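Reading the structure
This is what each chain is made of:
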Amino acid sequence: MASVRKDHVAFQHPEWQRKGFRCVKSCLYDSLRPNSLSYFMISSFVHVICRRMQRLKGVRHMATSAIKQAVSELTVPVPWGEMRGKVWGPDHGRPVLCLHGWSDNCSTFNTLIPILPKECRYVAVDLPGHGLSSHRPPGVFYSFPTYVSDVRRLVEALQWKRFSIIGHSMGGNVAGMFSALYPEMVDSVVMLDSFGFFPFDPKQLADVMKQGVDGMLQYEQKRDERTERVYTYDKAFERLRAANPTLSEQSAHILLERGLAEVDGGVVFSRDLRINLKNIVRYTLEQCLAMQSNIKASVLLILADEGFGRIFDEPEQVEFSTTLLQTYRDKNHTVVKVPGDHHIHLNSPEVVAPFVCDFLQSNVLSD
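Residues numbered from 1 in each chain as written. Predicted model: local features only at pLDDT ≥ 70, side-chain atom pairs only at ≥ 80, totals over all residues. Heavy atoms only, no water.

**Side note on helix H11 (residues 315–330)**
- Relative to the 22 Å expected for 16 residues at 1.5 Å per residue, H11 spans 22 Å between its end C-alpha atoms, a close match to the ideal helical length.
- Of the surrounding secondary structure, the elements contacted by the buried residues of H11 are strand S7 (186–192), helix H10 (285–292), strand S10 (298–306) and strand S11 (334–341).
- The first or second residue beyond H11 is asparagine 332, which carries a positive phi of 65°. (Helix = DSSP H or I, 4+ residues; strand = E, 2+ residues; numbered from the N terminus. Expected span 1.5 Å × (residues − 1). Contact = heavy atoms within 4.5 Å.)

**Brief notes about the pattern of salt bridges**
- Across all of its chains, the model carries 14 salt bridges by this definition.
- Note that glutamate 73 is salt-bridged to arginine 84, the shortest N-O span being 3.2 Å. Taken together, the residues glutamate 73 in strand S2 (residues 70–78) and arginine 84 in strand S3 (residues 81–88) connect sequence positions 11 residues apart.
- Under the relative-accessibility criterion, arginine 84 is labelled buried at 17%.
- The salt bridge partner of lysine 210 is aspartate 214, with a shortest N-O separation of 3.1 Å. Here lysine 210 and its partner aspartate 214 are both found in helix H7 (residues 205–221), four residues apart, which amounts to about one turn of the helix.
- Residue classification places lysine 210 among the exposed residues on the basis of a relative accessible area of 52%.
- Taken together, the salt bridges that share partners define one network made up of Glu73, Glu82, Arg84, Asp126 and Arg258. (Salt bridge = Lys/Arg side-chain N within 4 Å of Asp/Glu carboxyl O. Buried < 20%, exposed > 50% of the residue type's maximum accessible area, 1.4 Å probe, protein only.)

**Remarks on helix H13 (residues 349–363)**
- Taking 1.5 Å of rise per residue, the 15 residues of H13 would be expected to cover 21 Å, and the 20 Å separating its terminal C-alpha atoms lies within 8% of that figure.
- Looking only at H13, the buried set comprises Pro349, Val352, Ala353, Val356, Cys357, Phe359 and Leu360.
- Tucked inside the fold, the buried residues of H13 contact strand S5 (120–125), strand S6 (163–168), S7, S10, S11 and helix H12 (344–347).

**With respect to the pairing of S2**
- Sheet topology places S2 next to S3; eight bridges connect them, and they run antiparallel. Bridging across to S3, leucine 74 finds its partner in glycine 85.
- A loop of two residues connects S2 with S3, the two strands running antiparallel in sequence. (Pairing = 2+ DSSP bridges.)

**Some thoughts on the nonpolar core**
- Of all hydrophobic cores here, the largest spans 50 residues; its most connected members are Leu97, Leu99, Phe163 and Phe178.
- Counting residues per element, this core draws most heavily on helix H5 (residues 144–158), at eight residues.
- Apart from the residues within four sequence positions on either side, phenylalanine 178 is in contact with Val148, Val151, Arg152, Phe163, Ile165, Met185 and Val186.
- In terms of nonpolar packing, the next biggest core, distinct from the first, is built from 29 residues, Cys98, Phe109, Cys120 and Phe359 among them. (Core = buried A, V, L, I, M, F, W, Y, C linked by side-chain atoms within 4.5 Å.)

Right, here's the structure in full:
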């Protein structure tokens, strides 16, 4: 069974409401050990919020429904540990599962969910090997079928029979495969800068599978010799932004909330390094189209004009993406393009929220 712990967002702290940022900043810092992860996280969080508040002329109280919304922490036992996540919305709201992209975590939905319909119950999960969730057992690969099995475990624990899915990037591909394998369970699917499937050229399959297997063996052989690199919070922040240049400063701080673990001398990234290994489970365009045809849910694709699609610039890749998108359109699904980059849903959620809200209202909440 899943366990849910109620946690309210920081804006509901009574000292914050009564005396403002300076008082709370002082209270928080005084209670934290200098140079700890919590200290750096609070420092960065307050810094970002203060800068945003300075831009809000004439606003004295932070009293919007989004800010006042309660957030709960979710824990679901799995055979190798636990899956963690966050929950927004009423206990009996229409269930919506939110799946993050590769190397991200469930905080990727922190800015979007508060401006989506309040009638829904949103569960955003850290997929195994990401965020606060347990890493997979030794010797086990990360692949789309295993992520699908993770989702199946999760919804079983939540006792959901039917639900909707919002997936970003890799999470959109997991959503696509799950919706194809369990079409009777999914009402609607929103894919954020994702095609729902990732076709692969079969001529390259042997080489990629070999790289994945060799990479796992090399990882295991060097595991005892490897020491995790320890960072200060600022250096970890710099590294994340260097690897993800489209992330805004605020977005990077948000992802680091669950993307770091505190150790002696600083912090380390919490993700499993094995997620960087080559994925050995690949699918041809024909296989992807066969699975795509099995989806019964309504589908909304929101693609960023400077996002994931730009990776598909080789002729065969352009053919793959064009074919997938046309098949969605032929089945009367919705495909829209918005200005922005791969993390547009996190950097500028107001750009994608109207499309998602209309889609959920029409396909989920109108019943």
